[in-house]
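This is what each chain is made of:
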There are 8 protein chains.
Amino acid sequence: MYCSGEISEDEAMAAIEGLRIEMIDGMARIDTGRSVRCGMPEVVLAEGKEPGAFARIMLAQVKASGRCIATRVSPEHIEALQPLLPPEVRLEHREAARAIVLSTGEGPDPRGGTVAILTAGTSDIPVAEEAKLIAEEMGCEVRTAYDVGVAGIHRLFSALRDLIPADVFIVAAGREGTLPAIVAGLVDRPVIGVPVSTGYGYMGAGEAALASMLQACSVLAVVNIDAGFTAGAFAAQIAHGGRRV
Amino acid sequence: MYCSGEISEDEAMAAIEGLRIEMIDGMARIDTGRSVRCGMPEVVLAEGKEPGAFARIMLAQVKASGRCIATRVSPEHIEALQPLLPPEVRLEHREAARAIVLSTGEGPDPRGGTVAILTAGTSDIPVAEEAKLIAEEMGCEVRTAYDVGVAGIHRLFSALRDLIPADVFIVAAGREGTLPAIVAGLVDRPVIGVPVSTGYGYMGAGEAALASMLQACSVLAVVNIDAGFTAGAFAAQIAHGGRRV
Amino acid sequence: MYCSGEISEDEAMAAIEGLRIEMIDGMARIDTGRSVRCGMPEVVLAEGKEPGAFARIMLAQVKASGRCIATRVSPEHIEALQPLLPPEVRLEHREAARAIVLSTGEGPDPRGGTVAILTAGTSDIPVAEEAKLIAEEMGCEVRTAYDVGVAGIHRLFSALRDLIPADVFIVAAGREGTLPAIVAGLVDRPVIGVPVSTGYGYMGAGEAALASMLQACSVLAVVNIDAGFTAGAFAAQIAHGGRRV
Amino acid sequence: MYCSGEISEDEAMAAIEGLRIEMIDGMARIDTGRSVRCGMPEVVLAEGKEPGAFARIMLAQVKASGRCIATRVSPEHIEALQPLLPPEVRLEHREAARAIVLSTGEGPDPRGGTVAILTAGTSDIPVAEEAKLIAEEMGCEVRTAYDVGVAGIHRLFSALRDLIPADVFIVAAGREGTLPAIVAGLVDRPVIGVPVSTGYGYMGAGEAALASMLQACSVLAVVNIDAGFTAGAFAAQIAHGGRRV
Amino acid sequence: MYCSGEISEDEAMAAIEGLRIEMIDGMARIDTGRSVRCGMPEVVLAEGKEPGAFARIMLAQVKASGRCIATRVSPEHIEALQPLLPPEVRLEHREAARAIVLSTGEGPDPRGGTVAILTAGTSDIPVAEEAKLIAEEMGCEVRTAYDVGVAGIHRLFSALRDLIPADVFIVAAGREGTLPAIVAGLVDRPVIGVPVSTGYGYMGAGEAALASMLQACSVLAVVNIDAGFTAGAFAAQIAHGGRRV
Amino acid sequence: MYCSGEISEDEAMAAIEGLRIEMIDGMARIDTGRSVRCGMPEVVLAEGKEPGAFARIMLAQVKASGRCIATRVSPEHIEALQPLLPPEVRLEHREAARAIVLSTGEGPDPRGGTVAILTAGTSDIPVAEEAKLIAEEMGCEVRTAYDVGVAGIHRLFSALRDLIPADVFIVAAGREGTLPAIVAGLVDRPVIGVPVSTGYGYMGAGEAALASMLQACSVLAVVNIDAGFTAGAFAAQIAHGGRRV
Amino acid sequence: MYCSGEISEDEAMAAIEGLRIEMIDGMARIDTGRSVRCGMPEVVLAEGKEPGAFARIMLAQVKASGRCIATRVSPEHIEALQPLLPPEVRLEHREAARAIVLSTGEGPDPRGGTVAILTAGTSDIPVAEEAKLIAEEMGCEVRTAYDVGVAGIHRLFSALRDLIPADVFIVAAGREGTLPAIVAGLVDRPVIGVPVSTGYGYMGAGEAALASMLQACSVLAVVNIDAGFTAGAFAAQIAHGGRRV
Amino acid sequence: MYCSGEISEDEAMAAIEGLRIEMIDGMARIDTGRSVRCGMPEVVLAEGKEPGAFARIMLAQVKASGRCIATRVSPEHIEALQPLLPPEVRLEHREAARAIVLSTGEGPDPRGGTVAILTAGTSDIPVAEEAKLIAEEMGCEVRTAYDVGVAGIHRLFSALRDLIPADVFIVAAGREGTLPAIVAGLVDRPVIGVPVSTGYGYMGAGEAALASMLQACSVLAVVNIDAGFTAGAFAAQIAHGGRRV
C-alpha cells in the first residue's frame, strides 16, 4: 500500500524458514530476557506508574532475570517496593541518577569499552547520571566531566584531555544545547547529544537544545529530551565494539 | 527497556512454533501480494516519485498481481508509463481521482457492502474520488453526495436520506472540517472524517480540519490530511463486515 | 459564501418536507435519549466538572434513560454523587477504566459483535479499559491483549492468534505509537489506533504517537489522544455490522 | 552567568598551557584540513549556494585536501563547476546520492569497519545513498537493503540476516518512521535512525518520523530529517572502532 | 523603515494641532476613567496577581471611578480585599462568572441593545457568564441559552427562536468549536465565537476550537481562548449601535 | 456523548413543529440564495479551483441570484469565464481587490451604515480592498485610510479624525499586527482586526499578527489571516444595525 | 481593560501640553523624514511588492529625503525602477546585500562608531551584507569577518583579535546558530545574534538558530530570522553611543 | 563539514600563538571570575536547583568573587542558604526582583551609563526589577516607568519625557507585547524588548509577545521570554559605551 513490493511464493517460504532457524538459534534466547539478547539490562520507567503496580513489575523482573533497574523513581515508588522484597534481592538507590537497582547476584559483567560523559551545567547532571548507570550496567567503564559549559572553553579543553581515550562521548546540555556540537568538532569518536529540559521561555523545555543539536554542523546523533537511559545504552553498544558476548 | 515484560523459554518456543504454523497457514499466502491477504489492491503513491522509477514499479506490480493503482498521478508519470505497457495491460485514467488503474484482467470482485461518501465543498471532491476508487477496487458499492456543506443544512438532510442504507460513511471536509461531526451525530453507522487541505491562513493546510475532527463530540475516527486512499480502504474493510474472502 | 451552491425553491420545500417526515419517523425518537437513536449509552466526562454539578447531571441522566456512564472520575466526584443516589440506582465503579456506571435496570442489550483491544505497554491500559467499558455497554463482546509492544514481536503474533476472529481491533499505544500500524499490516479487519499520552520529551504527550499513526503506511484510522471512549464506541458501531436495532 | 563556576588563576594557567601543548601536538594538525583531524572528508552542501560561489569553494577545497564531496547538487551546480576543473581533478557524479566527488588522487583509505544501511521504502533511497557515499569515503565497507518496510516483516528478517555482521546500522524511513525502532529491537549493534521527508499531510515533511524515532522504546539515536551525510559520518566513526588513524 | 512614508512639515503641524484640539474636546475626557471614554467598565484580571497587590488596585479603581470589576477571582483574592473595603463600597460576588463587582453607587446605565449568548456545553458556561456580566455592566440586556450543542440540532433551533431579536450573538464552544459557525449560518446578525479550553488531547486547550472558528465558512469573528471579557465588551459595542453616550 | 442532555418527547415535537413553521416563514426563503437570507452576496473563492469548474460555478450563481462575486481571482480564471458569459451578464474586474463581480442588474441596495477600513502598510491593501468590496456589495458606505502604520502615530490620529463617524472599523495589519489594538484603544466603536501574511521569518506568514491581535489588551475581534471577505461581511452586519431588510 | 489605570484631568492636560511642546521641539522634526529623527535611512522592503508600486514608492522617498534604500530587491524591481529615475538620482546596486541605494547627494554623514559583523558560514553573508549596508548608511565604520564558524575555533579567535575594538558585534548564523553565544562569551561589548534561514529539516528555516540564541547562557539579544536590516540599524544605534546628532 | 574552510599550517600556528598571548594578557584574567572579564556579576538561576546544592554553589561563588546574585529565588532556597553564611557575607533580599545578593564588600563600582526600564502592565514588574538589579550591579544608573501600557498613550509620552536622557531602553511587555515597538518608534536610542509570560489562551505564555517583537517594523532587539537578567546585562553593556574597565 503506498509502499509497493512483491516477492515470489518461493522466496517467501525461504525467508520464513530462515526466520524460524534464526529464531531457534538466536532470537529464542532473547526471550528469557532482553539482557541475554542485547546485553542490556531490564529497565522500568517508574514515572507515571502507580507505586503498587510498579512494585509488582519490578519484583517479577528481578525474579526473572536477576537484575532490574528503575529510572525516575519517587520516594513513593521505593516505599511501595521495599516491604515486598525477599531477602535475597538487594536494592541499591542511586540518588544522583534518580534510579534504583534490584539484583540477586553479582554486578554486571565487565564487557569493556569506555564511555565519556560531559554536561554543560549542573542541572544536566541527573540525566548524565542516568546514562552513566546504564552504561555501567552494560559493563562499560564510565568517565565523567560535569559543568564544562561553553562559558569557560578552556575548562572544556582540559576536561577533554582526560577523556580522550574514550570510545564514545555522551554530552548532555539544556538551554541552547551547544556543547555537544563543540565536542563533536574536537574529537574523532562518536558524540551523542542529549537535550535536557532545563531552559525556560521560548522552547525552553529542551526543544531549543534538541533543535540546535539536530541542526549542528558537526557530526552528532541525538536522543529524546532527558533520555539518559537511551544515551547510555546506545553509547554502551558503541563502546562494546567488537566485544560481542 | 522502559517497557518491561518477560516470558519463560517454554512460552517463547510455543509462541514461535505457533507463529510458524500461522505463517504457513496464513501469512505465507500474504506474500504473493497484499491483495490476497487483505483484499486490498496494490497502490502506489506517484507524488514525489521520479517518473521513470514510477513506471518501472507500476509495471512490476501489475505483472505480479494483475492489477495496480497509482494515486496523485501527474501527466509526466503517465507519459513515462504509457510507452512501456505491454498490450495485455489496460490503463484507465480516473481524472477526478487523480489516479490510474493498470489491469490485465477483470475488474475487482464484488465482495459487497456499501460505502457512502460525502464532501462539504467542491474542492474536497478529488480526495473523495480517491476514496471512492479504492473502495470500488475493494469490491464495494459506493454512493456519493458532494458539496453538502453545513451552510445549507437541509441539503445535508436530503442527501443523508438517500445514503442511509450505507454500511459506513466517509466525510471529506476542508477549512473548519465540521461536516463529519454533524453527520456522525445523525447516523448510527461508523463515520470516517477526512481532513482536506483546502483552507488558507491559520492552520489552513488541513490542520484545523484535523484538529476539529479529533476533538469532535460525536463518535468519529479520522485519517491523515488528504488521505483518500486510507479512508476508502478502511471504509471497505468495515463494509465487508462478515463477508470475508 | 466561499462555498457556492443554490437550489430552487421547489427543491428546498421538498427537502424540508422530507426532513419533517424523517423527523417524525426518526429523529423525534432520538430525543428521548441518544441511546435510542445510536445504540449508544449516555456518557459524561467527569474531568473538569465541579463535583456538585457533576452529581446533578449524572442523576438527571440516569433518571431519564435508566443508565449512565461517567469517565475520568476522581474520588471527589464519587463522593459528591453517592449521597444523592436513590435506592433504585446502582453505582458500579470500574477502577481500571477510571469510570463509573449508574443504572436502574439490567445491563446493556447484547447486540453482538466482537471487539479486540490491544495495548503496547502497561501504561496504555486505562485508556484501553475505557474503550472496553463503552464497547461492552454497547452490547459487544470484548477480548483484550495488553502489553504486547513491539519489543517482543512473537508475543504480538501469539496474542493476535487469539483475537483474530474479532470484527474490529482497537490498538492503544503511547510514545512512538508503532503498534497499531503493525497490527494493521497483519490483519484484514479494521484497526483503530488510539494515541496515549505516556511518552516524555519531544511530542511526548501523545503527539508523536498521533503523528506516526496518521502517517502509517498500513490502513488505519485514529481517534484523539487518550480517547478511549471514542475508540470503544466507534469499534462497537463497526462490530454491530448489519445487526441494527 | 546563570551557569556558575570558578577556577583559581593557577588552574587556569595550567589549563591554558595544557591546551597549548595539546594544540601543537594535536589540534594544529587539524587545521590542515578536517580530513586529517577526524578522518572525515570535506563535504559541501550545494543546496542553497549560488552555482558560481559553489564552484569556487569546491575548487579551493579539492586543491587543499585532494578530495572533496558535494551533496544535494543540481545540474546548475555541475555546469558551473565543470569548466573550471583543472585536468588533474576527477569529477565523479553519484546520481543516486545527488552528490559529486572531486579528487586528484586515489580513493579513500580503507580504514575498515562495516556499515549496514536499510530503507523502509524506495523514496528513502537518495538519503540512504548519501549516507553510503560518506561512509565509503571514510573507508568503510557498506552493505544495503532497500525497501524492506514494515509491511512485509519477513522481508525485513531475511534482509537483516545478510547484514547482521555489520558494526552499525543506518535505517532511513519517512512517513511514520517505524522501521528503525523495529530493527533496533532485533539487533544488538547501534542503530541510527534517519527521518526522511517523504510523507504528506500532518507532520508529513519528516516530523512524524523524527518524533516517532525520538520516542522509540528501543535504543536508537537519530539525526536531522534527510541528513544522510550526518548518518553516514556518524556510522563510520562507530565502525572505525579501535582502528584509529 | 521597511514601511515607508513621509509628510510635509506643514501637514505634520496641522495634524498635531488637530490632535491637540481633538484631545481637549474628546480624549482628555477619557483620562478620568476609561468608562467615560468607551462606555466600558474598569476591569482587572485577578488571575496571576498577588492578592495584596490585587486588593490595592481594586480599591484605587473603585475610588476613582465608582465601579470596578475583577475577573478570574480566587477566594484568596476576595479574602485579601474584604477587610480593606470602606463601608460605602459594595462587593457583589458573581460566582458563575468567577468575578466580583465593587461599586459605590447605582448599577450601570441602561444604554440599550440586546446581546444573545449561547454555549455548546455546560463547561463553557463560566466563560459565557463572564461575557454576560461585562455586557450587562455596559448597559445591555442579555439573553442566554446554554448547552445547545450540535448533538441536538433541534434544541438549537428552538433556542435561536427565542434569541432572534438580539442585536448580536456570542457563542462559546470548546473541543471542536463548531457551534458558532452553525449559528452564523442561521442568523443575519453578527456572531462572535469564543473558543473555550475544555477539550483534551490534540490541541485540546482551545486551539482546535480557535482554528475551526477562524477557518469557518460562515461569517464569524473570534476572540482569544476563554476571553469572555473581550467577547462581552465587543458585543456590547455592537449592541449599542447608534446609541452613543 | 460527553455532552449530556435530554428532553421530553413533547418538548421535542414542539420544537420540531416550531422549526417547521420557522422554516416555511423564514428559512425556505433562504434557499433561493443566501443574499435573501443574510443580506449577503454569493461569493466564490477562486483560489485553488480549476478554471473551468470555476467558470461553471460562477455562471450558475449569477443566473440564480443575479449577482455573484469571486475573490482571489487569477488571469486564468477570468480567461475561462469570459467566453461563457451571456450578454446580459456584466463582469467588473476589481484589480486592487483581486476580485470580479458578475451581475445582471443594478448594483447592491444601499442598506446604510458606514464601515471604516485602515491598513498599517501598503502591502495590506489588497486584503483591505477585498473587505471594502464585500461591505459595499452589502450596501454599506466605506471610507478608507491606508498605510497609517504605527511608525507615524500622528498620521493615525489625523486619519481617525476623518473616520470617526463610522459604525465599525476594520484594521488590516501584517508583521506584528499592532495597529488594530491601538485603534481599539482610541475609538468606542467595534474594531475588527485582520492579520495579513506580509511578514517574514518567525511566524511571519501572519501568525505573529494573529497572535498579537488575540492577546490584545484592548477590545478587539479577529478573523482568519488574509480574510478580507469575512471582515467585510462581518463589518457590514454590524453597520446594518437596526436596518434589517 | 484588564490593565487598569487612571489619571486626574489635570495630569492629563499637563501630559498633553508636554506632548505638544515635545512635538514642536522634537517630534515635528521627525515628520520631515525618519532619517532626521532617528538618524536612520528610509528603507523599503522590495520583496512582496509589485514592481510598479515599488518603483513609485522609491521615487517618492528619494525625492522627499534625498536618499533611500531598498532591500531584497529582484531584477524585476530594478527593471521597473530604472526608466523612471530622473538624472539627478544615482542608483547603486549592492549585489552582495541584495539591495539598492538611491541618492541625490552625498553619502551618509560619518557619525562614528564601529560595528563588527561575523558570519558562521558563507550562506549567512547576504544577511550580513544587508546589516553592513544599513550600518554604513547610518554613518558607522564596519569591519567584517565571514565564515568563522565554530568548526575551527582558532579561526574565530584570530578574527576576534582584529575586531575587538568594535563598539558592538553582529553575528549571523544559520542551522544551529551557535556562534553568537560563543562570541558573547568572549567579548565584553554587546553582541546581536541574527538567525539565518540556511538549515534544512527540523526547524531548519532559521527557527533552530532563533531558539538556541534566545536560550543562550551568555548575554545576547536577537532579531528576527534573516533580519539584517534590523541588526544593522540596532547596532548603529549602539555604536553612535553619546554621539547624538 | 558542510561548512568548508581550510588554512595553512603556518597560519594556524600564528593564530594559536596569538591566542596564547591574548590568553595571558587577557583571558587568563577572566578565569578569576567573570566579573573581571566582562564587568558582569556572577548570577545563579535558583529556579530548578535543589536548595542544598543551590546554597553550596552560592557560597563558593561569593567566596571566590566577593559578590554573587541569585534570581528566581524561592523561600526554600533562602532557608537553605542562611544558616551556612559566614558573618562577613551580607545577604540582601530584593523581593520585587525575586532575587538575592550576597556580598562581602562594597556595592558595585559605578561604571556609569543610564538604563531606562518601562513595563506595559503591573504584571511585568518582576521581570523589569530583575533587569534593574543586574544593570545596577553592573554599575549603571537605572530609571523606571512601570505600567505605561498602550491604553493610555499620553501616559507613555509623559513617561518617556523623563527617561529620554537614558543611553538605552528596556521595555517589558506581556500579552501582545506592543509597547517595545512603539517606544522604538519614538526614541533614537537602542530599545530592548522583553516578552513576559503574562497572557493566557493562544500563545499566551509569552510567545505572542515574542513574535510581535520579532516582527516589529521599528528597530528592536529581543531576549528570551521573562529573561530580565539578559536584558539588564545587555543594556548595561550598551550603557557602558566607551567606559571600559
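This structure is a prediction, so every number in the text was calculated from the model and none was measured. (Residues numbered from 1 in each chain as written. Chains lettered and ligands numbered in written order. Predicted model: local features only at pLDDT ≥ 70, side-chain atom pairs only at ≥ 80, totals over all residues. Heavy atoms only, no water.)

(A) Broad picture of the domain arrangement of chain A. Residues and elements named next belong to chain A. Per the domain assignment, the segments of chain A are domain 1 (9–103) and domain 2 (114–239). Taken together, the contact between domain 1 and domain 2 spans 15 residues of the former and 14 residues of the latter. For the pair domain 1 and domain 2, the summed buried surface comes to about 1200 Å²; carbon and sulfur atoms form 61% of the total. Inspection of the region where domain 1 meets domain 2 yields 3 salt bridges. Linking domain 1 with domain 2 are 2 residue pairs in polar contact (both at pLDDT 80 or more). Of the residues contributing to the side of domain 1 that touches domain 2, the split by class is 9 nonpolar, 2 polar and 4 charged. (Domains from an automatic or database assignment. Contact = heavy atoms within 4.5 Å. Buried area = accessible area lost by both parts, 1.4 Å probe. Salt bridge = Lys/Arg side-chain N within 4 Å of Asp/Glu carboxyl O. Polar contact = N/O pair within 3.5 Å; in protein donor to acceptor, adjacent residues only side chain to side chain. Nonpolar A, V, L, I, M, F, W, Y, C, P; charged D, E, K, R; others polar.)

(B) A look at the sheet that holds strand β1 (residues 43–45) of chain H. Residues and elements named next belong to chain H. Read across the sheet, 4 strands follow the order β1-β2-β4-β3 without closing on themselves; strand pairing throughout is mixed. For this open sheet the edge positions go to β1 and β3 (90–94), each flanked by a neighbour on one side alone. Across the sheet, the axes of successive neighbouring strands diverge by a mean angle of 20 degrees, strand direction being ignored. Note that β1 and strand β2 (residues 67–71) share 3 bridges and pair parallel. Bridging from a neighbouring strand, Leu45 pairs with Thr71 of β2. Of the strands in this sheet, β1, β2 and β4 (99–103) touch helix α3 (residues 51–65), which is tilted by about 150 degrees from β2. (Pairing = 2+ DSSP bridges. Helix = DSSP H or I, 4+ residues; strand = E, 2+ residues; numbered from the N terminus. Axes fitted to C-alpha atoms, helices over the stretch in contact; angles between N-to-C directions.)

(C) Main features of helix α9 (residues 228–240) of chain E. Residue and element names in this part refer to chain E. Between its terminal C-alpha atoms α9 stretches 18 Å, which fits the 18 Å expected from 13 residues at 1.5 Å a residue. Burial runs high along α9: 13 of the 13 residues are buried. Of the residues one or two after α9, Gly241 is the one with positive phi, at around 50 degrees. (Expected span 1.5 Å × (residues − 1). Buried < 20%, exposed > 50% of the residue type's maximum accessible area, 1.4 Å probe, protein only.)

(D) Quick peek at the packing of helix α5 (residues 125–137) of chain E against α9(E). Residues and elements named next belong to chain E. Taken N-terminus to C-terminus, the directions of α5 and α9 make an angle of 40 degrees; their axes are 7 Å apart at the nearest point. For the element pair α5 / α9, the angle class is oblique. For the pair α5 and α9, the sense of crossing is right-handed. Of α9, the residues touching α5 (which contributes Val127, Glu130, Ala131, Ile134 and Ala135) are Gly228, Phe229, Gly232, Ala233 and Ala236. Partitioning the contact of α5 with α9 into residue classes produces 7 nonpolar, 2 polar and 1 charged. (Parallel < 35°, antiparallel > 145°, perpendicular 65-115°, else oblique. Left-handed = near helix turned anticlockwise from the far one by under 90°.)

(E) How the structure looks around the sheet that holds strand β1 (residues 43–45) of chain G. Residues and elements named next belong to chain G. Judged by pairing direction, the sheet is mixed, and its 4 strands sit side by side in the order β1-β2-β4-β3 without closing on themselves. The two strands at the open ends of the sheet, each matched to only one other strand, are β1 and β3 (90–94). On average, each strand axis in the sheet is inclined to that of its neighbour by 20 degrees, with strand direction left out of account. Packing of helix α3 (residues 51–65) onto the sheet brings it into contact with β1, β2 (67–71) and β4 (99–103), and relative to β2 it is tilted by some 150 degrees. Against the sheet, helix α5 (residues 125–137) makes contact with β1, β2, β3 and β4, and its axis sits at roughly 170 degrees relative to β2, the strand it touches most.

(F) Inspection of the pairing of strand β6 (residues 141–145) of chain A at higher detail. Residue and element names in this part refer to chain A. Here 5 bridges tie strand β5 (residues 114–119) to β6, and the two strands are oriented parallel to one another. Looking at β6, one finds that Leu118 is bridged to Ala145. As for the winding sense of the linkage, the β-α-β connection from β5 through helix α5 (residues 125–137) to β6 is right-handed. (Right-handed = clockwise from strand over helix to strand, strands pointing away.)

(G) Summary view of helix α8 (residues 207–214) of chain A. A large share of α8(A) lies buried, amounting to 7 of its 8 residues. Looking at α8(A), one finds that the buried residues are A:Ala208, A:Ala209, A:Leu210, A:Ala211, A:Ser212, A:Met213 and A:Leu214.

(H) Structural context of the confidence of the model for chain A. All names here are of chain A. Scored by pLDDT, chain A has a mean of 81; 80% of the residues are at 70 or more. Least confident of the elements in chain A is helix α1 (residues 9–30), whose mean pLDDT is 33; most confident is strand β8 (residues 191–195), at 98. Note on residues 1–37: pLDDT is under 50 here. Beyond four places in sequence and across chains, it has 82 contacts. ipTM for the predicted complex: 0.84, alongside a pTM of 0.86. (pLDDT = per-residue confidence, 0-100.)

(I) Focus on the packing of aromatic side chains. Taken as a whole and assessed by the stated rule, the structure comprises 8 aromatic pairs over all chains. Ring plane angle 10 degrees and centroid distance 6.3 Å describe the contact between A:Phe234 and D:Phe234, whose orientation is recorded as stacked. Taken together, the residues A:Phe234 in helix α9 (residues 228–240) and D:Phe234 in helix α9 (residues 228–240) connect one chain to another. You'll find A:Phe234 and D:Phe234 in the same group, each marked buried. Aromatic side chains D:Tyr202 and E:Tyr202 sit 5.3 Å apart centroid to centroid with 80 degrees between the ring planes, which places their arrangement in the edge-to-face category. Within this pair, whereas D:Tyr202 is found in the loop between β8 (191–195) and α8 (207–214), its partner E:Tyr202 is found in the loop between β8 (191–195) and α8 (207–214), the two belonging to separate chains. Of the two residues, D:Tyr202 and E:Tyr202, both sit in the buried class. In this structure, A:Arg72 is placed above the aromatic ring of C:Tyr200, and the distance from its NZ or CZ to the ring centre is 4.0 Å. (Phe/Tyr/Trp six-rings, centres within 6.5 Å; stacked < 30°, edge-to-face > 60°. Lys NZ or Arg CZ within 6 Å of the ring centre and 35° of its normal.)

(J) Inspection of unusual backbone geometry at higher detail. The phi angle at B:Arg98 is positive, at roughly 50 degrees, despite the residue not being glycine. With respect to the helices and strands, the residue B:Arg98 is situated in the loop between β3 (90–94) and β4 (99–103). Since its relative accessible area comes to 33%, B:Arg98 is described here as partly exposed. Of note, the phi angle at F:Arg72 is positive, near 50 degrees, even though the residue is not glycine. Mapped onto the elements, F:Arg72 comes out in the loop between β2 (67–71) and α4 (75–81).

(K) A look at the layout of surface pockets. Volume-wise, the largest pocket comes out at about 2100 Å³. Lining the largest pocket are 47 residues, with A:Met203, C:Met203, D:Met203, F:Met203 and G:Met203 positioned closest to its centre. In the lining of the largest pocket, the residues fall into 25 nonpolar, 12 polar and 10 charged. (1 Å grid on protein atoms, 1.4 Å probe; cavity = no way out; pocket = protein on both sides within 12 Å on 5 of 7 lines; lining within 4 Å. Points joined across faces, edges and corners; volume = space filled by probe spheres on them.)

(L) Highlighting the environment of F:Gly48. Following the sequence through the fold, F:Gly48 ends up in the loop between β1 (43–45) and α3 (51–65). Each C-alpha atom of the pair F:Gly48 and F:Pro195 lies 21 Å from the other, and the pair is 147 residues apart in sequence.

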